[in-house]
Amino acid sequence: MIIDSHTHIDKANNVNWTPEQLITSMNEAGIDYSLVISNDVTHSSVEQVIDIAKNHQRFRAIGSINLDTFNKSQVENLINYLKNRDIVGVKLYPGYQDYYPFDERFFDLFKFCEDNNHPIMIHTGVLMVGCRGYLEQARPLHVDRIAHRFPKLKIVIAHMGNPWLEDTVAVMWKNPNVYTDFSGFFAEFSSISSQEADEFLYRMKHVKGLMGNFNRFLFGTDWPLYSQKEYLSVIQKIPFNNEEKNLIFSQNTINIFNLRLESPTLTL
């Protein structure tokens, strides 16, 4: 089984991407399930993503925090969605919106997730031109403050903190409750070049040397920014052992997001 832990269905590159396009992409790549993440920055609300996931058995929804409309009821709504399994986790977008991920306004949500075994995903690394916040807010080192205060909270550092890979490894070394995904690493909306792939594999060799293994990594692409088929092909060139393959391509995502999955019908 292969699960893409990081996708979006929203407007990107002046295209309104659809669930049907994601299903087609998954079928072409041989991907069984995708986690679809809401993103108020690009106008896909939590409620929209929940509706999409309810109508497509191969999707699971991840909610998000929107600081533009942030209030106590937003946290309460996310907690209720988690309780009802409408969403399987929550993502933060520090940098895209002007805040740091350890903002105390999120602590009630973090505490609930820690106590009830729900994960938090955090954007880290590069930002698009024109973002309201700062690159500093998206550095993976900030995740250490959350992981230290909430040591049983499962946290996924999105995008490996690229370009700060060593910071991500350091945070993971110190905090066994922290994971990372492979998503969002290459030039967006273009085919992955052989030069990009070679550079990526070189950097992953360095990461393996620092970390020792890939046991706390998740497969993810950040579709529609990339072809899932191309992205999967590049990731599969990393010389994983059998345990790493099982954890990366399915089991970590199943365990972290508490997924209940059946064998999918590829056309649905």
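What counts and how
Residues numbered from 1 in each chain as written. Predicted model: local features only at pLDDT ≥ 70, side-chain atom pairs only at ≥ 80, totals over all residues. Heavy atoms only, no water. Helix = DSSP H or I, 4+ residues; strand = E, 2+ residues; numbered from the N terminus. Contact = heavy atoms within 4.5 Å. Buried < 20%, exposed > 50% of the residue type's maximum accessible area, 1.4 Å probe, protein only. Arc of directions from axis to C-beta. Polar contact = N/O pair within 3.5 Å; in protein donor to acceptor, adjacent residues only side chain to side chain. Phe/Tyr/Trp six-rings, centres within 6.5 Å; stacked < 30°, edge-to-face > 60°. Lys NZ or Arg CZ within 6 Å of the ring centre and 35° of its normal. Core = buried A, V, L, I, M, F, W, Y, C linked by side-chain atoms within 4.5 Å. Salt bridge = Lys/Arg side-chain N within 4 Å of Asp/Glu carboxyl O. Pairing = 2+ DSSP bridges. Axes fitted to C-alpha atoms, helices over the stretch in contact; angles between N-to-C directions. Left-handed = near helix turned anticlockwise from the far one by under 90°. Nonpolar A, V, L, I, M, F, W, Y, C, P; charged D, E, K, R; others polar.

1. A word on the environment of serine 44
Alright, step 1. Tracing the sequence through the fold places serine 44 in the loop between β4 (33-37) and α2 (46-54).
Alright, step 2. Considered as a pair, serine 44 and isoleucine 238 are 194 residues apart in the sequence and their alpha carbons are 33 Å apart.
Alright, step 3. When residues no more than four places from it in sequence are discounted, the contact partners of serine 44 are Ile9, Asp10, Ile37, Ser38, Asn39 and Val49.

2. Some thoughts on helix α8 (residues 228-235)
Alright, step 1. Buried within α8 are the following residues: Gln228, Tyr231, Leu232, Val234 and Ile235. Buried residues of α8, viewed axially, fall in a sector of 160°; they line one side.
Alright, step 2. Capping the start of α8 is the job of one residue whose side-chain oxygen sits 3.3 Å from the backbone nitrogen of lysine 229: serine 227.

3. A look at the packing of aromatic side chains
Alright, step 1. Applying the stated rule across the entire model yields 24 aromatic pairs.
Alright, step 2. Between tyrosine 99 and phenylalanine 106 the ring centres are 5.2 Å apart and the planes differ by 75°, which places this aromatic pair in the edge-to-face class. For the pair tyrosine 99 and phenylalanine 106, one class covers both residues: buried.
Alright, step 3. Between phenylalanine 182 and phenylalanine 200 the ring centres are 6.4 Å apart and the planes differ by 70°, which places this aromatic pair in the edge-to-face class. With a gap of 18 residues between them, phenylalanine 182 in the loop between β9 (178-181) and α7 (194-211) and phenylalanine 200 in helix α7 connect regions that are remote in the sequence. The burial state of phenylalanine 182 is the same as that of phenylalanine 200; both residues are buried.
Alright, step 4. Through a chain of ring-to-ring contacts, three or more aromatic side chains come together here, namely Phe182, Phe185, Phe186, Phe200, Phe214, Phe217, Phe219, Tyr226, Tyr231, Phe240 and Phe249.
Alright, step 5. Cation over ring: arginine 105 sits above phenylalanine 70, and NZ or CZ is 5.8 Å from the ring centre.
Alright, step 6. Here the basic side chain of arginine 145 rests over the ring of phenylalanine 102, its NZ or CZ set 3.8 Å away from the ring centre.

4. A short note on the nonpolar core
Alright, step 1. By size, the foremost hydrophobic cluster in this structure holds 90 residues, and its most contacted members are Leu109, Phe182, Phe200, Met204 and Phe257.
Alright, step 2. Those residues in contact with methionine 204 that lie beyond four places of it in its chain are Met160, Leu165, Phe182, Phe185, Phe214 and Ile238.

5. Notes on the pattern of salt bridges
Alright, step 1. Scanning the entire structure with this criterion turns up eight salt bridges.
Alright, step 2. Linking arginine 105 and aspartate 103 is a salt bridge whose minimum nitrogen-to-oxygen distance equals 2.8 Å.
Alright, step 3. Looking at aspartate 103, the relative accessible area reads 17%, which means it is buried.
Alright, step 4. Aspartate 115 serves as the salt-bridge partner of lysine 111, at 3.4 Å between the closest nitrogen and oxygen. Taken together, the positions of lysine 111 and aspartate 115, both in helix α4 (residues 107-116) and four residues apart, correspond to about one turn of that helix.
Alright, step 5. Judged by relative accessible area, lysine 111 falls into the partly exposed class, the value being 41%.

6. Description of the pairing of strand β1 (residues 3-7)
Alright, step 1. Counting buried positions along β1 gives five out of five residues, so the element sits mostly inside the fold.
Alright, step 2. In this structure, β1 lies alongside β4, joined through three bridges in parallel fashion. Of the residues in β4, the one forming a bridge with isoleucine 3 is tyrosine 33.

7. Examining the sheet that holds strand β8 (residues 155-158)
Alright, step 1. On the basis of which strands lie adjacent, the open sheet formed by eight strands has the order β1-β4-β5-β6-β7-β8-β9-β10 and parallel pairing. One side of each edge strand has no neighbouring strand; the edge strands of this open sheet are β1 and β10 (217-218).
Alright, step 2. Here strand β7 (residues 120-123) runs beside β8; their pairing, made up of four bridges, is parallel. By the bridge assignment, isoleucine 120 is partnered in β8 with isoleucine 155.

8. Re the packing of helix α1 (residues 19-29) against α8
Alright, step 1. Between α1 and α8, the shortest axis-to-axis distance is 8 Å and the interhelical angle comes to 35°. Here α1 runs over α8; the crossing is right-handed. Counted together, Leu22, Ser25, Met26, Glu28 and Ala29 of α1 and Gln228, Lys229 and Leu232 of α8 form the full contact between these two elements.
Alright, step 2. Partitioning the contact of α1 with α8 into residue classes produces four nonpolar, two polar and two charged.

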